[in-house]
Amino acid sequence: YDGIYSSLRILNSLDKSPWDKKLQNGIDCVISYIRGSSWFIYKGYVPPCLSRHNFSYMSNESRQPRTAGLAEMILNNFDKSLDKKQREELQRFVKEAESKSIKMKTSAPGIYHGNRYFWNNDTLVRKNEEAYAIIRMASSKVNGIESFKSFNYFTCDGQTMFCRDGNEYTSIIGSWELDSVPGVTALRGLKLKAMTNWRGFNSKFAYSAGIVDGNDAACGFITDKVNRCNECTMKFPPELFAVTAHKSWFIFGDTLLALGAGLVNRQSQSGMDMVTTIDQTLWKGSLSTSQDSRKPEPDSGESISLTLAKGDKPAWIKQKKGFRYNILPEYTDGKVEVRAGKRKAEWNKVYPNNKNIKNKTRECNVLQVSINHGKDSSPKSYAYTVNLGSGDNTANARKVRVITNTTELQAAESADGLRAAGIFFSGKNIMKASSGQYSINAPGALFVRKENGKLHVSVCDALMNTKLDRMTFKTTCRISGKGVSKSGDWYIATIDLPKEPYRGKYTSATFDCK
């Protein structure tokens, strides 16, 4: 932001000089930045997963997006470089920024609202008036999040956050258990110290992939934590790097499904539990569970366990004005743990600049939901859904069906069977969906949708492979169109992939389908 704003000031000073000229290309870039950054603020709150300021107490204040200043700068000083649509868009953005909530309903989905996958940042965001969800993955292609005397240890390990009001995390992060970040699988009981690390942590694997198809989306990655900062000489406990896992997320309509497979604790001798944290969020009260007699006593610090019987109905936890979490027993190894109550806030510990703020909250109300996979080293798995829609959050957990959950392929489909998505970790497997069988020839993601006699196909290359310019797509569906061939029961098509500077971004093709 600061660099763009300063550049615009310099350019504005050249007005009516020999160097003055229309700045259309530059304006397009700034508008693109305004659009993109709007996905990382919700109802005036910035989710604590983006910067070294994640644990700042000031983040608990609802505020206008900083980019409103950029929009005003362009409108006031570069109006001659704007066309009518751009001018109207920026005017609308500035007006909505005054309310601290960017909706931009007249814009097409994927610009300011809906679903968006940031393919060069390993991040998927779902944003609308009802709810906000953000998934932060990691790969060797992207640096982690920097820390300055703080605790960004798990910010890119699959951190998954859910908001309705925007402050569900910023208001209670001072009371967080720092090794229990939502969406992350880690060993519980890590002795973490504040660190300064300017490149953060990411994964040793290059694999990360994501696709958006209208109101649906899918993404996935392989987590195997490494320290990206050679200059950071701090000694980290080996248990910090203990977990490896294959993870993916699928959004069909208002239902989000999270899958984990091949979760391995490589430090089982430590005696520490490997835990997947589903959420660690603001506790708003009125908590109910699938086993009515099993509820945590408020403020007691008690942790309760919910029984997971294979093949049985999902175990669920529901918070009024919050979300309902449904854990699918047939795909989950471990026990569900729930804890709710007041916790001591340690704002000065989690971020040094908090020491300068007076009258900070001393306690926070926290709800924590997790899956404890135990202490051994055998591979574990999990599956859970979260309803992102409005209403009483009692949506059927089976609105999304798991097709498979392995370290080779994680796949799911919508309840009607017309939409399916797969995260192909090797590119050697077949996704067997209700609508047909599908495969791609390289590691990547695949999304298929049958509609009105057409098969809409989206693919992406998970490795940004500079030698891969085309993806071979195969299906048992009877498709036809340019370049489609047939071999036995399979129909085969070649889909061109984006090249530099968009290599790794998903692309789509449509075929006739009988």
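These numbers come from a predicted model, not from an experiment. (Residues numbered from 1 in each chain as written. Predicted model: local features only at pLDDT ≥ 70, side-chain atom pairs only at ≥ 80, totals over all residues. Heavy atoms only, no water.)

A. Highlighting the overall build of the protein. Secondary structure summary: the protein contains five helices and 32 strands in total. Here the C-alpha radius of gyration of the protein, 23 Å, is about what a compact globule of 514 residues would show, namely 24 Å. Expressed as lengths along the three principal axes of its C-alpha atoms, the size of the protein is roughly 75 × 70 × 50 Å. Burial analysis of the protein (514 residues in total) assigns 57% to the buried set. Surface accessibility of the protein: about 21,900 Å² in total, with carbon and sulfur atoms responsible for 47%. (Helix = DSSP H or I, 4+ residues; strand = E, 2+ residues; numbered from the N terminus. Rg over C-alpha atoms; globule rule 2.2 N^0.38 Å. Buried < 20%, exposed > 50% of the residue type's maximum accessible area, 1.4 Å probe, protein only. Areas by Shrake-Rupley, 256 points an atom, 1.4 Å probe, with all protein chains shown as cover.)

B. Quick peek at the pattern of salt bridges. Applying the stated rule across the entire model yields 23 salt bridges. For Glu-146, the salt bridge goes to Arg-52, with nearest N and O atoms at 3.4 Å. Taken as a pair, Glu-146 in the loop between strand 3 (132–136) and strand 4 (147–150) and Arg-52 in the loop between helix 2 (24–37) and helix 3 (67–77) lie far apart in primary sequence, 94 residues in all. Here Lys-284 and Asp-165 are joined by a salt bridge, their closest N and O atoms 3.0 Å apart. Placement of the pair is Lys-284 in the loop between strand 13 (274–282) and strand 14 (287–289) and Asp-165 in the loop between strand 5 (159–163) and strand 6 (185–187), with a sequence separation of 119 residues. Note on Asp-165: relative accessible area 41%, which makes it partly exposed. Salt bridges sharing partners connect three or more residues here, namely Lys-103, Lys-105 and Glu-129. (Salt bridge = Lys/Arg side-chain N within 4 Å of Asp/Glu carboxyl O.)

C. Local environment of the sheet that holds strand 5. The four strands are arranged 1-2-3-5 in an open sheet whose pairing can be described as antiparallel. Edge strands, defined here as strands with exactly one partner in the open sheet, are strand 1 (114–118) and strand 5. For this sheet, the mean inter-axis angle between neighbouring strands, taken without regard to orientation, is 5°. As paired strands, strand 2 (residues 123–127) and strand 3 are joined by five bridges and run antiparallel to one another. Within strand 3, the position partnered with Leu-124 by the bridge is Ile-135. (Pairing = 2+ DSSP bridges. Axes fitted to C-alpha atoms, helices over the stretch in contact; angles between N-to-C directions.)

D. Region of the structure containing the packing of aromatic side chains. Summed over all chains, the structure comprises 22 aromatic pairs. Seen from their ring centres, Tyr-42 and Tyr-132 are 5.1 Å apart, and the 25° between their planes marks the pair as stacked. With Tyr-42 in the loop between helix 2 and helix 3 and Tyr-132 in strand 3, this pair connects stretches of sequence that are 90 residues apart. Geometrically, the ring pair formed by Phe-252 and Phe-447 is tilted, given 5.9 Å between the ring centres and 35° between the ring planes. In this pair, Phe-252 is assigned in strand 11 (residues 243–252) and Phe-447 in strand 26 (residues 444–451), connecting sequence segments 195 residues apart. Grouping residues by exposure puts Phe-252 and Phe-447 together as buried. (Phe/Tyr/Trp six-rings, centres within 6.5 Å; stacked < 30°, edge-to-face > 60°.)

E. View of the pairing of strand 26. Among the eight residues that make up strand 26, six are buried, leaving the element largely enclosed by the rest of the structure. Across six bridges, strand 23 (residues 419–424) lies against strand 26 in antiparallel orientation. Residue pairing for strand 26: Ala-420 is matched across the bridge by Val-448. Sheet topology note: the strand 26/strand 27 (residues 454–461) ladder contains eight bridges and is antiparallel. Its bridge partner lying in strand 27, Phe-447 is registered against Ser-458. Linkage of strand 26 to strand 27, two consecutive antiparallel strands, is achieved through a turn of two residues, within which Asn-452 is found at a positive phi near 50°.

F. How the structure looks around the environment of Phe-323. By secondary structure assignment, the location of Phe-323 is in the loop between strand 16 (315–319) and strand 17 (324–327). Judged by relative accessible area, Phe-323 falls into the buried class, the value being 3%. Along the primary structure Phe-323 and Ser-140 are separated by 183 residues, whereas in three dimensions their C-alpha atoms are 33 Å apart.

G. Summary view of the side chain of Thr-332. Looking at the element boundaries, Thr-332 is found in the loop between strand 17 and strand 18 (335–344). A polar side-chain atom of Thr-332 sits 2.7 Å from the main-chain carbonyl oxygen of Leu-328. (Polar contact = N/O pair within 3.5 Å; in protein donor to acceptor, adjacent residues only side chain to side chain.)

H. Expanded view of the sheet that holds strand 26. Taken together, the seven strands give an open sheet; going across it, the order is 21-22-23-26-27-32-29, and neighbouring strands pair in antiparallel fashion. Either end of the sheet is taken by a strand with one partner, and the two such strands are strand 21 (400–405) and strand 29 (479–480).

I. Just the packing of helix 3 against helix 4 (residues 84–97), in detail. Where helix 3 contacts helix 4, the two axes come as close as 9 Å, and the packing angle between them is 140°. What the angle tells us is that helix 3 and helix 4 run oblique. Viewed along their axes, helix 3 and helix 4 form a crossing whose handedness is left-handed. Mapping the contact onto sequence places Thr-67, Ala-68, Ala-71, Glu-72, Ile-74 and Leu-75 in helix 3 and Arg-87, Leu-90, Gln-91, Phe-93, Val-94 and Ala-97 in helix 4. (Parallel < 35°, antiparallel > 145°, perpendicular 65-115°, else oblique. Left-handed = near helix turned anticlockwise from the far one by under 90°. Contact = heavy atoms within 4.5 Å.)

J. Quick look at helix 4. Compared with an ideal rise of 1.5 Å per residue, which puts 14 residues at 20 Å, helix 4 spans 20 Å between its outermost C-alpha atoms and is within 8% of the ideal. Listed as buried for helix 4 are Gln-86, Glu-89, Leu-90, Phe-93, Val-94, Glu-96 and Ala-97. Summarising the axial view, the buried residues of helix 4 lie within an arc of 165°, below the 170-degree limit, and thus occupy one face. Among the exposed residues of helix 4, those oriented more than 90 degrees off its buried face are Lys-84 and Lys-95. The N-cap residue of helix 4 is Asp-83: its side-chain oxygen and the backbone nitrogen of Lys-85 are 3.2 Å apart. (Expected span 1.5 Å × (residues − 1). Arc of directions from axis to C-beta.)

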